[in-house]
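Structural characterization, general
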Amino acid sequence: MNPTLRQMRAFVALAKTGNFTAAAAAMHVTQSALSGLIKELEQTLGARVVDRSTRRIVLTDIGRELYPLFSQMIDDLDGALAYVADHTQLRKGVVRIAAPQLMCCTLVPEAVAAYRAGHPDIDVRVADSAVEQVIARVLSGESDFGIGPEREPAPQLETRELFEMPFSLVFPRGHALESQEQVTWQDLARYPFISLQGQFTERLQADMGAMLRDVSLKPANEVTFMTTALAMVSAGLGITVCLPYAEPLVQLYKLHMRPLEAPRLTRRFFVYTRAGRSLSPAAQSFIDFLFPYVDAKRSEARAQQA
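Residues numbered from 1 in each chain as written. Predicted model: local features only at pLDDT ≥ 70, side-chain atom pairs only at ≥ 80, totals over all residues. Heavy atoms only, no water.

Digging into the packing of aromatic side chains
In total, this model carries eleven aromatic pairs according to the counting rule given. Aromatic pair Phe11 and Phe70: ring centres 5.9 Å apart, planes at 85°, arrangement edge-to-face. Residue Phe11 is found in helix H1 (residues 5-17), and its partner Phe70 is found in helix H4 (residues 61-88); the two are separated by 59 residues along the sequence. For the pair shown, Phe11 and Phe70 are each scored as buried. Between the aromatic rings of Phe270 and Tyr272, the centroid separation amounts to 6.2 Å while the plane-to-plane angle is 45°, which identifies the pairing as tilted. Within the aromatic cluster, the residues linked to one another by ring pairs are Tyr115, Phe145, Phe286, Phe289 and Tyr293. The ring of Phe291 is capped by Arg160, whose NZ or CZ atom sits 3.7 Å from the centre of that ring. (Phe/Tyr/Trp six-rings, centres within 6.5 Å; stacked < 30°, edge-to-face > 60°. Helix = DSSP H or I, 4+ residues; strand = E, 2+ residues; numbered from the N terminus. Buried < 20%, exposed > 50% of the residue type's maximum accessible area, 1.4 Å probe, protein only. Lys NZ or Arg CZ within 6 Å of the ring centre and 35° of its normal.)

Written as structure tokens, this is what we have:
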């Protein structure tokens, strides 16, 4: 005994309107087709659900019992299908992003604003995190995906490279380095260097150790956030290094940024998602938007430099 959805819809339409003509119009079918659906329902149930007369229909006792049940089932199903449609067609949805604090001061808000211009009904929530907490938020499910620097591979994660950028040196206006044609890693040793704590400095030292045996990176200050480092540089307390995506903040602090040469060291940033977990339509659409957006921004920056 398995009534079909069309049979239930036909019965509910008939019970609501009270006659076959109006019910058929509501179902967008012919009156004979509607009558056939009601007969099929009654055959499936083995009981009559309506008593017919020339002018109107009357629900049987069984029909009166089934009407509110079928009506609620159809409403619940239609509500669920509307929910799915809203999300798949990006009329609703939530995107939860984890990214390092510096990126949340520069690249991420610009990307979110550009995305929201085309998808105003999508709620985008950004968690500005310490670098080492980005992946943790993704794995815990607190964030749909994370954006962060390269880390050791993990089976629980899927990664996709977003960009690779070279390190740049940041120093105050009027600094002695401003007059040099190029700045190198050797220049760091001549001035107080302000670095980030943790893996940032460790990985940088490892890269430099492999290429520059005569340069030792000994920070005068180690801070938690790059915004603090930039503020200290602005105050004349030293120099620092960061990646070009931070340029809007560098300009806000009225500092100079120059590519570091000899050698050219880079960092790769990735989009991290949980392996084996499907993203919501909204989260997937944001990621699909993010990659060409970042490429376009980098092309724009190269054109301005040229």
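That shown, we press on.
Some remarks on the sheet that holds strand E5 (residues 145-149)
The mixed open sheet is built from five strands, whose spatial order is E4-E3-E5-E13-E6. Bordering the open sheet on either side are strand E4 (123-129) and strand E6 (157-166), each of which pairs with just one other strand. For this sheet the average axis-to-axis angle between neighbouring strands, irrespective of direction, equals 20°. Note: strand E3 (residues 94-100) against E5, two bridges, orientation parallel. Within E5, the residue paired with Ile97 across the bridge is Phe145. (Pairing = 2+ DSSP bridges. Axes fitted to C-alpha atoms, helices over the stretch in contact; angles between N-to-C directions.)

Brief notes about the pattern of salt bridges
When charged atoms on two side chains of opposite charge get close, those side chains can pair. Here the structure, examined in full by the defined rule, presents eleven salt bridges. When the shortest N-O distance is used, the salt bridge between Arg64 and Asp61 registers 2.0 Å. Highlighted residues: Arg64 and Asp61, both in helix H4, separated by three residues, approximately one helical turn. Arg64 gets classed as partly exposed once you look at its relative accessible area, which sits at 45%. Judged by relative accessible area, Asp61 falls into the exposed class, the value being 57%. Of the charged contacts, one joins Arg96 and Asp144 as a salt bridge, the two residues approaching to 2.9 Å between their closest N and O atoms. A residue pair is termed long-range when its members are at least 10 positions apart, and Arg96 in strand E3 and Asp144 in the loop between helix H6 (131-140) and E5 qualify at 48 residues. Residue class for Asp144 comes out buried when judged on its relative accessible area of 14%. Sharing partners across several salt bridges, the network here consists of Glu150, Glu161 and Arg268. (Salt bridge = Lys/Arg side-chain N within 4 Å of Asp/Glu carboxyl O.)

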